[in-house]
There are 10 protein chains.
Amino acid sequence: MSTEPTKELVTFPNPRIGREYTISIDTDEFTALCPVTGQPDFATINLDYIPDKLCVELKSLKLYFWSYRNEGAFHEDVTNRICDDITDALSPLYIKVTGDFNIRGGVHTVVTVEKDFRNK
Amino acid sequence: MSTEPTKELVTFPNPRIGREYTISIDTDEFTALCPVTGQPDFATINLDYIPDKLCVELKSLKLYFWSYRNEGAFHEDVTNRICDDITDALSPLYIKVTGDFNIRGGVHTVVTVEKDFRNK
Amino acid sequence: MSTEPTKELVTFPNPRIGREYTISIDTDEFTALCPVTGQPDFATINLDYIPDKLCVELKSLKLYFWSYRNEGAFHEDVTNRICDDITDALSPLYIKVTGDFNIRGGVHTVVTVEKDFRNK
Amino acid sequence: MSTEPTKELVTFPNPRIGREYTISIDTDEFTALCPVTGQPDFATINLDYIPDKLCVELKSLKLYFWSYRNEGAFHEDVTNRICDDITDALSPLYIKVTGDFNIRGGVHTVVTVEKDFRNK
Amino acid sequence: MSTEPTKELVTFPNPRIGREYTISIDTDEFTALCPVTGQPDFATINLDYIPDKLCVELKSLKLYFWSYRNEGAFHEDVTNRICDDITDALSPLYIKVTGDFNIRGGVHTVVTVEKDFRNK
Amino acid sequence: MSTEPTKELVTFPNPRIGREYTISIDTDEFTALCPVTGQPDFATINLDYIPDKLCVELKSLKLYFWSYRNEGAFHEDVTNRICDDITDALSPLYIKVTGDFNIRGGVHTVVTVEKDFRNK
Amino acid sequence: MSTEPTKELVTFPNPRIGREYTISIDTDEFTALCPVTGQPDFATINLDYIPDKLCVELKSLKLYFWSYRNEGAFHEDVTNRICDDITDALSPLYIKVTGDFNIRGGVHTVVTVEKDFRNK
Amino acid sequence: MSTEPTKELVTFPNPRIGREYTISIDTDEFTALCPVTGQPDFATINLDYIPDKLCVELKSLKLYFWSYRNEGAFHEDVTNRICDDITDALSPLYIKVTGDFNIRGGVHTVVTVEKDFRNK
Amino acid sequence: MSTEPTKELVTFPNPRIGREYTISIDTDEFTALCPVTGQPDFATINLDYIPDKLCVELKSLKLYFWSYRNEGAFHEDVTNRICDDITDALSPLYIKVTGDFNIRGGVHTVVTVEKDFRNK
Amino acid sequence: MSTEPTKELVTFPNPRIGREYTISIDTDEFTALCPVTGQPDFATINLDYIPDKLCVELKSLKLYFWSYRNEGAFHEDVTNRICDDITDALSPLYIKVTGDFNIRGGVHTVVTVEKDFRNK
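Reading guide: rules and limits
- Residues numbered from 1 in each chain as written.
- Chains lettered and ligands numbered in written order.
- Predicted model: local features only at pLDDT ≥ 70, side-chain atom pairs only at ≥ 80, totals over all residues.
- Heavy atoms only, no water.
- Helix = DSSP H or I, 4+ residues; strand = E, 2+ residues; numbered from the N terminus.
- Rg over C-alpha atoms; globule rule 2.2 N^0.38 Å.
- Buried < 20%, exposed > 50% of the residue type's maximum accessible area, 1.4 Å probe, protein only.
- Contact = heavy atoms within 4.5 Å.
- Areas by Shrake-Rupley, 256 points an atom, 1.4 Å probe, with all protein chains shown as cover.
- Least-squares fit on C-alpha atoms with pLDDT ≥ 70 in both.
- Buried area = accessible area lost by both parts, 1.4 Å probe.
- Salt bridge = Lys/Arg side-chain N within 4 Å of Asp/Glu carboxyl O.
- Polar contact = N/O pair within 3.5 Å; in protein donor to acceptor, adjacent residues only side chain to side chain.
- Nonpolar A, V, L, I, M, F, W, Y, C, P; charged D, E, K, R; others polar.
- Pairing = 2+ DSSP bridges.
- Expected span 1.5 Å × (residues − 1).
- Phe/Tyr/Trp six-rings, centres within 6.5 Å; stacked < 30°, edge-to-face > 60°.
- Lys NZ or Arg CZ within 6 Å of the ring centre and 35° of its normal.
- pLDDT = per-residue confidence, 0-100.

Let us look at the overall build of chain A. Within chain A, the secondary structure is distributed over 2 helices and 6 strands. Counting from the amino terminus, chain A carries its helices and strands in the arrangement β-β-β-β-α-α-β-β. Computed over the C-alpha atoms, the radius of gyration of chain A is 15 Å, within 12% of the 14 Å expected from 2.2 N^0.38 for a compact globule of 120 residues. Projecting the C-alpha coordinates of chain A onto the three principal axes gives extents of approximately 45 × 35 × 20 Å. The buried share of chain A, reckoned over its 120 residues, is 56%. For chain A, the share of sequence-separated contacts (at least 6 apart) that also reach a separation of at least 24 residues comes to 65%. For chain A, the exposed surface amounts to about 4,900 Å²; the carbon and sulfur share of it is 50%.

Structure below.
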């Protein structure tokens, strides 16, 4: 497996296809650059998903998060983008991504994106 | 962008129009004056909203909060006013504003205003 | 305004009549006397309410809590009584009062009274 | 009132018959004996109930908990028994009893019994 | 009873058959081997279940958890397997198993499997 | 023993005269009146002492704290007075009294008085 | 080894005689009876010691703590007694025993006994 | 007493002249302006002092902190200035002032100034 | 480098020989077997040391901790042994090892071994 | 002032030369690359110093921390390097730098470097 940062997410087959269960992954090691000032931003990213046929491989996910390290990213946009990329790779039954960004100017921001692909 | 306190809120286009997702912003740096005694009050303000076409720019929001620094403001009134001002500026699908005011006379007050503009 | 303990609650007009929003007030400075032993009891009181036409003035509420200082009060009874008195004064749309009483004999007691006057 | 441990629970009339409100009582001073090894077990007991006509007197409840001190009691069984005894004494509208037992062999156990006697 | 690690779960009759109540068991002493690197993994396992006719004996459950000590186990798979094994042994009315695995590479993973066998 | 508030402290003989050991007692149930406004003040009192020939009886100490309930007391003065009264009653080898007073006007005050009567 | 409560402490040879190191043991499962009221008291006991030739066996210590379960014990006295008993059994280089007793009448008591047998 | 912000500190005579004891005062309601950007800064201020002949009156201290609200103040400078002003007003035996400033640019700053005027 | 558990510790040259500074390493992933019952024990190990000429390589230290996984180890003995092994490998100026072992039978044990090889 | 990452630290004159006081600065936004794997490492850096003639400017310090973002850095080495660089720039009377690095392989590392240039 690659050890370079990459936007490509590696998957593996869900070991319990047909059962709805939840996988929650979080990291406090997300950093990107502010598109306005170019200075580093830091965030904790939380991912919850109910897999359908595929799960995301953890080291691959780590490389994916790493790939933002030298990119500019707005809070609202990047949280949506992470959600879309993981959705594209996994086609999960349900997904929620939360980006909890460090305080800037006394203001703390959390962006939460949730999509449910089940017939509810 | 201005660096003076102002009641005008700057917006930017929602990067994911059509998807319902939540933006949560909080600051523990809100201060106004007590309209009765003229002495400073302090609060933590929490804002949750689901954007429609517009998001609020963070630095602008900071200047907006700053604009209360030398104004008199009752707890119940100012929390409603913040909710109204942000609603006017963003026309969000949903908004909740919470003002958590520091203890006065052994009493701690929290005011919560919530408005849902979706067909529910 | 009086600075003596009193059971009379001072009100002011709700600044946003017609909108359902919540005012939460808590104090850890409630003390009464045990009706059995005459010894002091201590509690934290939490009040949540949705105002209709009236809000309760905070200093008045403080004087109201003070008025229990030299009265005997059973846990279950006094929590209901506070709820009734505030209801009588404000005619709120919704009210919840919680009395969280200090440990006595290794036992910790919390009494919660909730009334909803809306058509639900 | 007795100051000896006893399974008999003393009650007093509910001061607000006709209103559904909640009384929550907890103690971290529950101890019984393991029926297998005879060694002491320790637990925190939480009781929530909505009274109908009767409330349980706190000192009496303390003596009731004390009565388990030299009895053997399985976790699952004793939590159900406490719930049944209090139900028999009070005929409450609703009751929940939780027994949170200290770690044994690296394993922590919590048993929760809930009964709702209202027409829901 | 055996004091060797074993996948066989010992049960005992539910002392309150016919009542739906919850038994919650957790341990922070679960360890298995990473199937990829062969290195030890560590997790906290939480089990909630509503028993039907059988309960799981706690020491037996401890031996069951111990049985993973020298086995390879993927996070997603092992949490499902624990849920299946306990379901097979107890035929509970409801079961939830959560595996909260220690941070690896800055990433923290929690897997939650829930099954409800009641007519809901 | 009296069950009325009193400034008289009851003592009992130190069970280990000749050994220097520490007795720490704290209560969060101290209340007095503000000498300026007449309104209630609340504090947590901590007492550490090394007994010489006498220890203070706990129920007596509770009645002593109760005796301040309807007296005016400045923060700095009352903490010193408690220290002096206990010193007069016990003649301890060492004593420290801390009064931690509830927030007033956004300001939190702690007064600490310490006296060492040993030859150090 | 006995599984009955006993005041006799079992020891084993210090595996590193000649090196000063610290063994800290605590339990929140200590209970005795109040000598005045006969009602149960609960405490957390902390033991720190530097062994000389002997260490205390943990299960034996547990049985020792258990032996107080049906005995009357004043806070100050029992903490000293535990210190003396362990000192008699181990002849340690240093010992500290802390008894942290549950709140009674709003008052929380901690007794700390420390003895250093080294030439300091 | 004035209710306007002022740099003048009101004092009262130490009620226990001759005894060294400590008065600790903290507020999380300190705000000033950044001298570079003009934007508001927020801090928690802690003051510890051992009084000699004078103590500082609490409401006066609150007005003193208020006086910085519309002044520019560098972190390092303002903490020293507060220490000097209180020293000038009280001539204490010992003083320590800590300014704990809110995060700016991901960086959190605490400045601590301590002066001991006793012959040590 | 090996990826098998091993008692051999790999070192690297201290990058600042001649300066006394502290390296603190902790893991909550230590497990061994109880020499009496053969059942797994779990601990958190903390290591503080001041290096002289050598530092311990982190992955090697992880493999070293892993090497205890299938060995019997008494609390007091294993903590001393870890201290001795690291001392032998590094010849540090100062070392402290703490083993904080999970609760067994309601009793929690912490063993602390400290050695200072500097001329103090 | 530059807004690019740089190893050059900007200083300003100490506003209270001659007084020993402490400036503490911490950031949880430090990231560098692992020199072995090239993958990102994350740390919290704490800096305490007593200034002599110079203080470090906060934005400059932020740019300095940023300058490590794309450099390889061993835990032990980089903490010493930060200490040396700040010492070179400020010639402080005292300095302590702590690097608290995120868990890798279940192991958590903290490096602390302290230098005192005063005649002690």
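The structure having been displayed, the exposition proceeds.
On to the relation of the copies chain D and chain C. The two copies are related by a screw operation: chain D maps onto chain C through 72° of rotation and 0.0 Å of translation along the axis, at an RMSD of 0.0 Å. Each copy turns onto its partner about a five-fold axis.

Moving on to the interface of chain D and chain C. At the junction of the two partners, chain D supplies 17 residues and chain C supplies 18 residues. Around 1,500 Å² of area is buried between chain D and chain C when both sides are counted, 48% of it from carbon and sulfur atoms. Here chain D is connected to chain C by 3 salt bridges. With its nearest N and O atoms 3.3 Å apart, the salt bridge here joins D77 of chain C to R16 of chain D. In this assembly, chain D and chain C are joined by 9 residue pairs in polar contact (both at pLDDT 80 or more). Among the secondary structure elements, those contributing two or more residues to the side of chain D that touches chain C are β2 (21-33) and α1 (58-66) of chain D. Per-element accounting of the side of chain D that touches chain C gives the leading share, 9 residues, to β2 of chain D. Class assignment of the residues belonging to the side of chain D that touches chain C gives a composition of 7 nonpolar, 3 polar and 7 charged. With 7 bridges joining them, strand β6 (residues 107-116) of chain C and β2 of chain D adopt antiparallel strand pairing.

A few words now on the interface of chain I and chain J. Between chain I and chain J, the contact holds 17 residues from the first and 17 residues from the second. Here chain I meets chain J over a buried area of about 1,500 Å², counting both sides, of which 48% is carbon and sulfur. Our count for the contact surface shared by chain I and chain J stands at 3 salt bridges. With a closest N to O distance of 2.9 Å, D84 of chain J and R16 of chain I form a salt bridge. Mapped onto the side of chain I that touches chain J, the elements with two or more residues apiece are β2 (21-33) and α1 (58-66) of chain I. Among the elements that take part in the side of chain I that touches chain J, β2 of chain I stands out by supplying 9 residues, more than any other.

Between its first and last C-alpha atoms helix α2 (residues 75-90) of chain B spans 23 Å; for 16 residues at 1.5 Å apiece the expected length is 22 Å, and the two agree. S91 of chain B, located one to two residues past α2 of chain B, shows a positive phi value of around 45°.

This part covers helix α1 (residues 58-66) of chain F. For α1 of chain F, the tally of buried residues reaches 7 of 9 residues, placing the bulk of the element in the interior. Taken as a whole, α1 of chain F has its buried residues at S60, L61, K62, L63, Y64, F65 and W66 of chain F. In this structure, the buried residues of α1 of chain F make contact with β3 (40-50) of chain C, β2 (21-33), β3 (40-50), β4 (54-56) and α2 (75-90) of chain F together with β6 (107-116) of chain G. With a side-chain oxygen positioned 3.1 Å from the backbone nitrogen of K59 of chain F, the residue opening α1 of chain F is E57 of chain F.

Time to look at the environment of E4 of chain H. Residue and element names in this part refer to chain H. Mapped onto the secondary structure, E4 falls in the segment before β1 (11-13). Spatially, the C-alpha atoms of E4 and L63 are 6.6 Å apart, while their sequence positions differ by 59 residues. Those residues in contact with E4 that lie beyond four places of it in its chain are L63 and W66.

Looking now at the arrangement of the chains. A gap remains between chain D and chain H, which never touch, and the nearest two C-alpha atoms on either side lie 34 Å apart. Across all C-alpha pairs, the smallest distance from chain F to chain I is 23 Å, and the two are not in contact.

Now for the packing of aromatic side chains. Under the defined criterion, the tally for this structure stands at 40 aromatic pairs over all chains. The structure contains a cluster of three or more aromatic residues connected by ring pairs, namely F30, Y64, F65 and Y68 of chain A. Its guanidinium or amino end placed over the ring of Y68 of chain C, K7 of chain C lies 4.0 Å from that ring's centre, counting from NZ or CZ.

Residues and elements named next belong to chain F. With a phi angle near 45°, S91 is a residue other than glycine that sits in the positive phi range. Here S91 lies in the loop between α2 and β5 (94-104). The exposure class assigned to S91 is partly exposed, which follows from its relative accessible area of 48%.

A word on the environment of R118 of chain E. Residue and element names in this part refer to chain E. For R118, the location among the structural elements is in the segment after β6 (107-116). On the basis of relative accessibility, which here comes to 18%, the residue R118 falls in the buried class. As a C-alpha pair, R118 and L93 span 25 residues in sequence and 5.8 Å in three-dimensional space. Side chain to side chain, R118 and E20 meet in a polar contact 2.6 Å long.

Attention now moves to the confidence of the model for chain A. Across chain A, the average pLDDT comes to 95, with 98% of residues at or above 70. Scoring of the predicted complex yields 0.95 for pTM and 0.94 for ipTM.

On to the side chain of T87 of chain E. Residue and element names in this part refer to chain E. Note that T87 resides in helix α2 (residues 75-90). The class for T87 is buried, based on a relative accessible area of 10%. Those residues in contact with T87 that sit more than four places away from it in its chain are P92, I95, K115 and F117.

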